[in-house]
Amino acid sequence: MNAIHINWTKPFTNKSGRPYETEDFEILTTILSALRWREKNGKITMITDSEGEKYYQKINLTSIWDGVENILDDIDVNPDVFWAAGKIYALSRQSAPVAMIDTDFIVWETIDAAKDAAVIHYEDLYPDVYPGKEYFKMKDYAFDDEFDWSLKACNTAFCVINDEELLKYYCEQSINFMRHATEQADYLKYMVFAEQRLLPMCAKKLGKSISAFSDLGSLFGENEKRFTHTWGMKQQMRDNHELRNDFCFRCINRIVHEYPYMYDIMKNIENLKQYF
């Protein structure tokens with residue numbers, strides 16, 4: 001199955017005022033995520049923008065994907081509020097079946113998603129993350145009366161969409177929502193609605209089915225061997241130098257053991273040199 005990594009760099013450069021760069025542990029999970037998918041499941045392409053393409057060329061990392069596509073320069077929504085909009089815009093340019101994988105997510109084994117769509121896990125509707133529709137400030141926009149607001153959200157750190165109708169409808173609805181939002185200060189609720197709550201709403205309206213590969217407890221437990229998601233660990237690694245070093249050394253050792261040709265590439269990446 002074809003898969004995509006997505007990196008829209010505009011949220012980073014807007015916030016930091018610096019040219020795009022990423023952290024050592026993020027580079028290493030990106031390598032493992034791409035190479036393991038290619039080994040076990042199929043092709044994977046990095047969908048990015050001009051800044052992202054330039055960065056990956058600079059650190060000589062483009063070979064980990066089957067291709068790098070620079071198509072995200074013209075996203076027309078607020079990057080501060082919709083920091084993950086690149087995922088939806090990239091997905092809108094794909095055809096089903098397709099897998100969307102965050103660069104901090106690793107699929108270790110061959111997967112099979114038999115339903116119309118599958119996500120890594122469902123999320124409960126905590127009101128401080130997923131408020132009701134009255135929360136959203138919109139212009140020239142009305143929510144579809146057929147949307148079911150009682151459905152659990154879908155975490156899309158790893159998401160497979162097999163149904164073309166669902167793929168196109170979900171992307172259209174998400175982009176339409178983002179384009180008509182007037183809020184300029186919310187950095188969570190608007191984005192997770194557009195990305196994670198709209199998907200099950202769209203699926204139910206179309207009569208499509210969504211399954212979950214795992215659940216939140218299992219994913220971060222010791223028994224889940226199929227997937228690794230480092231999202232919840234990133235701040236801990238930023239705060240704990242020993243934890244960060246240990247994680248990076250373990251990643252490098254695994255990459256070198258399984259993909260030895262990556263050694264020369266990694267040792268020349270500036271913020272990985274300390275580990276060689």
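Preceding this paragraph is the structure being described.
Remember, it's a predicted structure, so these values are computed and weren't measured experimentally. (Residues numbered from 1 in each chain as written. Predicted model: local features only at pLDDT ≥ 70, side-chain atom pairs only at ≥ 80, totals over all residues. Heavy atoms only, no water.)

Peer 1: Residues and numbers for unusual backbone geometry, please.
Peer 2: Geometrically, the link from Ala96 to Pro97 is a cis peptide bond, its omega value of 0 degrees lying close to zero. With respect to the helices and strands, Pro97 occurs in the loop between helix H4 (85-91) and strand S4 (98-101). Look at Asn60: it is not a glycine, yet its phi comes out positive at around 60 degrees. With respect to the helices and strands, the residue Asn60 is situated in the loop between helix H3 (50-58) and strand S3 (67-70). (Helix = DSSP H or I, 4+ residues; strand = E, 2+ residues; numbered from the N terminus.)

Peer 1: Quick rundown of the pairing of S4? Include the residues and the values.
Peer 2: A two-sided burial pattern is seen for S4, the buried positions comprising Val98 and Met100 on one face and Ala99 and Ile101 on the other. Here strand S1 (residues 3-7) pairs with S4 via 2 bridges, running parallel. Within the sheet, the bridge partner assigned to Ile4 lies in S4 and is Met100. The sheet contact formed by S4 and strand S7 (residues 153-161) spans 4 bridges and is antiparallel. Looking across to S7, one finds that Ile101 is bridged to Phe158. (Buried < 20%, exposed > 50% of the residue type's maximum accessible area, 1.4 Å probe, protein only. Pairing = 2+ DSSP bridges.)

Peer 1: Any details on the side chain of Asn7? Residues and values, ideally.
Peer 2: Locating Asn7 in the fold gives a position in strand S1. Judged by its relative accessible area of 8%, Asn7 falls in the buried class. Within the structure, the side chain of Asn7 is placed 2.8 Å from the side chain of Tyr56, a separation counted as a polar contact. The residues contacting Asn7, other than those within four sequence positions of it, are Tyr20, Met46, Ile47, Thr48, Asp49, Tyr56 and Leu72. (Polar contact = N/O pair within 3.5 Å; in protein donor to acceptor, adjacent residues only side chain to side chain. Contact = heavy atoms within 4.5 Å.)

Peer 1: If you had to explain the environment of Met100 to someone new, which residues and values would you point to?
Peer 2: Among the structural elements, Met100 can be located in strand S4. Note on Met100: relative accessible area 0%, which makes it buried. Those residues in contact with Met100, other than ones at most four positions away along the chain, are Ile4, Ile6, Lys87, Leu91, Thr156, Ala157, Phe158 and Cys159.

Peer 1: Which residues make up the side chain of Thr156, and what values do they have?
Peer 2: Along the chain, Thr156 falls in strand S7. By relative accessible area, which is 0% here, Thr156 ends up buried. Ignoring anything within four residues of it in the chain, the contact list for Thr156 reads Lys87, Met100, Asp102, Val119, Glu195, Gln196 and Leu199.

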